[in-house]
Amino acid sequence: MEKIKMVQYGCGKMSAYTMRYAIEKGVKVVGAFDINPAIIGKDIAEVIGSDKKFGVKIQDAKEFEQFLQNNDVDVAIITTTSVFAENYPAYEICAKNGVNAISTCEEAFFPQNSNPKLFKKLDKLCQETGCTICGSGYQDVFWGNLISVLAGATHKITKIRGKSSYNVEDYGISLAQVHGAGLTVEEFEKEVASADNISDEERKKIINAGQFAPSYMWNVNGWLCEKLGLHVTRQTQKCVPQIANKNIKSSTLGMTIPKGNCTGMSAVVTTETKEGIIIEAEAIGKVYDKNEFDCNDWTIEGEPNTRVVIERPSTVELTCATVINRIPEVMCAPAGFTTTDWMPENFYKAQPLHKYMEEVACEHGCDCDDCHGHC
């Protein structure tokens, strides 16, 4: 069995982990791409923080498509922005060239309920070229499969409540800006919160037009309903600013957020279902004060009630490890934009990843052609 050949698209903070984790799992990184001229031309060792040079230099993202056309690549790891439409050009390049891809983009986790137009277009293209693209990361395990597994131990569910917090400093400037970090309250209300002060019918039109801006839990709630076999009747979201009670320095934004300005936001998504089960999930993303930390808190209400709380999860590392461990499942999944609710639950890979290709392929029921000859 050959080593899996991977390219990294986006060489910021997350890629330092995804590339290192991939290499340590026996994956061969054959290319890396970014738009930042300050790192283009550097060996990926400088991003990873390794003294050992790998002989792979970061190239301009403009060269991504040509590289895929001229090289044998099994999978691309895309760690750029949180918005599906912004990532679409990279996804389309992968799809056109029949290259599997996994994105940390939060909207890509379940884009069919926020941007069905682009989702259907990309799904069709992937099926035509025989590759698979999906979104994965922290939400795949901690907002998705962890909750569905707990639900499997429950007799009756009336409500699922979730709350998760994360420091936007860990993910780069694009994510911090999307969360409204640094804005005044007035600017936040105008630029972020006002988008949700609309009717259900108006929201539906915006979604169908591909112009909706979902919070992270919007796509998570859709994923959970699909995984649990629930039928959505109504879904709403509300974004509330998180206010600094003192001046807070942000290295990512390159500024000190003044007291009274926004450090980020809390986004609450409420989903009603035909089965009577309500899912209320809140994501809090902001620039942390020195005493704040990540937390993941979910409760299933019913018979019995079950609550799971994970304090201080290493959200960045968990995101990147989840993505890398997903590689065999994605390479063996049916062609298309295949969300992870249709894949086996992610599991720990103790061996080099190419050694799991046959095992995962059997779970999918695919043949060796689907697995690019790796099984």
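Criteria and thresholds
- Residues numbered from 1 in each chain as written.
- Predicted model: local features only at pLDDT ≥ 70, side-chain atom pairs only at ≥ 80, totals over all residues.
- Heavy atoms only, no water.
- Salt bridge = Lys/Arg side-chain N within 4 Å of Asp/Glu carboxyl O.
- Helix = DSSP H or I, 4+ residues; strand = E, 2+ residues; numbered from the N terminus.
- Buried < 20%, exposed > 50% of the residue type's maximum accessible area, 1.4 Å probe, protein only.
- Core = buried A, V, L, I, M, F, W, Y, C linked by side-chain atoms within 4.5 Å.
- Contact = heavy atoms within 4.5 Å.
- Pairing = 2+ DSSP bridges.
- Axes fitted to C-alpha atoms, helices over the stretch in contact; angles between N-to-C directions.
- Parallel < 35°, antiparallel > 145°, perpendicular 65-115°, else oblique.
- Nonpolar A, V, L, I, M, F, W, Y, C, P; charged D, E, K, R; others polar.

1. Quick word on the pattern of salt bridges
Then step 1. Summed over the entire model, instances satisfying the criterion amount to 18 salt bridges.
Then step 2. Arg20 is paired through a salt bridge with Glu24; the nearest N and O atoms lie 3.3 Å apart. Taken together, the residues Arg20 and Glu24, both in helix 1 (residues 15-24) and four residues apart, mark about one turn of the helix.
Then step 3. Look at Arg20 and you get partly exposed, because its relative accessible area is 31%.
Then step 4. On the basis of relative accessible area, Glu24 is assigned to the exposed category, the value being 56%.
Then step 5. Between Asp196 and Arg203 there is a salt bridge, with the nearest N and O atoms lying 4.0 Å from each other.
Then step 6. The exposure class assigned to Asp196 is buried, which follows from its relative accessible area of 10%.
Then step 7. Through salt bridges with shared partners, one network takes in Asp196, Asp200, Arg203, Arg234 and Glu272.

2. As for the nonpolar core
Then step 1. Counting 73 residues, the largest nonpolar core has Met6, Trp143, Trp298 and Ile327 as its most contacted members.
Then step 2. The dominant element in this core, judged by the number of residues it contributes, is helix 10 (residues 216-228), at seven residues.
Then step 3. If sequence neighbours within four positions are ignored, Trp143 has contacts with Tyr138, Ser164, Tyr166, Tyr216, Met217, Val220, Leu224, Asn296 and Trp298.
Then step 4. Among the nonpolar cores identified, the runner-up in size contains 29 residues, and Phe67, Ala90, Cys94 and Leu125 belong to it.

3. Here's the deal with the sheet that holds strand 13 (residues 295-303)
Then step 1. Pairing in this open sheet of six strands is mixed, and the strands run 8-11-12-7-13-14 from one edge to the other. Sheet topology places strand 8 (232-243) and strand 14 (306-311) at the edges, where each strand pairs with a single neighbour. Each neighbouring strand pair of the sheet contributes to a mean axis angle of 10°, computed without reference to strand direction.
Then step 2. Relative to strand 13, helix 6 (residues 138-151) is tilted by about 20°, and along the sheet it contacts strand 7 (156-167), strand 13 and strand 14.

4. With respect to helix 11 (residues 315-325)
Then step 1. Most of helix 11 sits inside the fold, with eight of its 11 residues counted as buried.
Then step 2. For helix 11, the complete set of buried residues consists of Thr315, Val316, Thr319, Cys320, Thr322, Val323, Ile324 and Asn325.

5. Looking at the packing of helix 6 against helix 11
Then step 1. Two numbers describe how helix 6 lies on helix 11: the axes approach to 7 Å, and their chain directions differ by 100°. One way to sum up the angle between helix 6 and helix 11 is to call them roughly perpendicular. Only Thr315, Leu318, Thr319 and Thr322 of helix 11 make contact with helix 6, whose side of the interface consists of Tyr138, Asp140, Val141 and Phe142.
Then step 2. Grouping the constituent residues of the contact of helix 6 with helix 11 by class yields four nonpolar, three polar and one charged.

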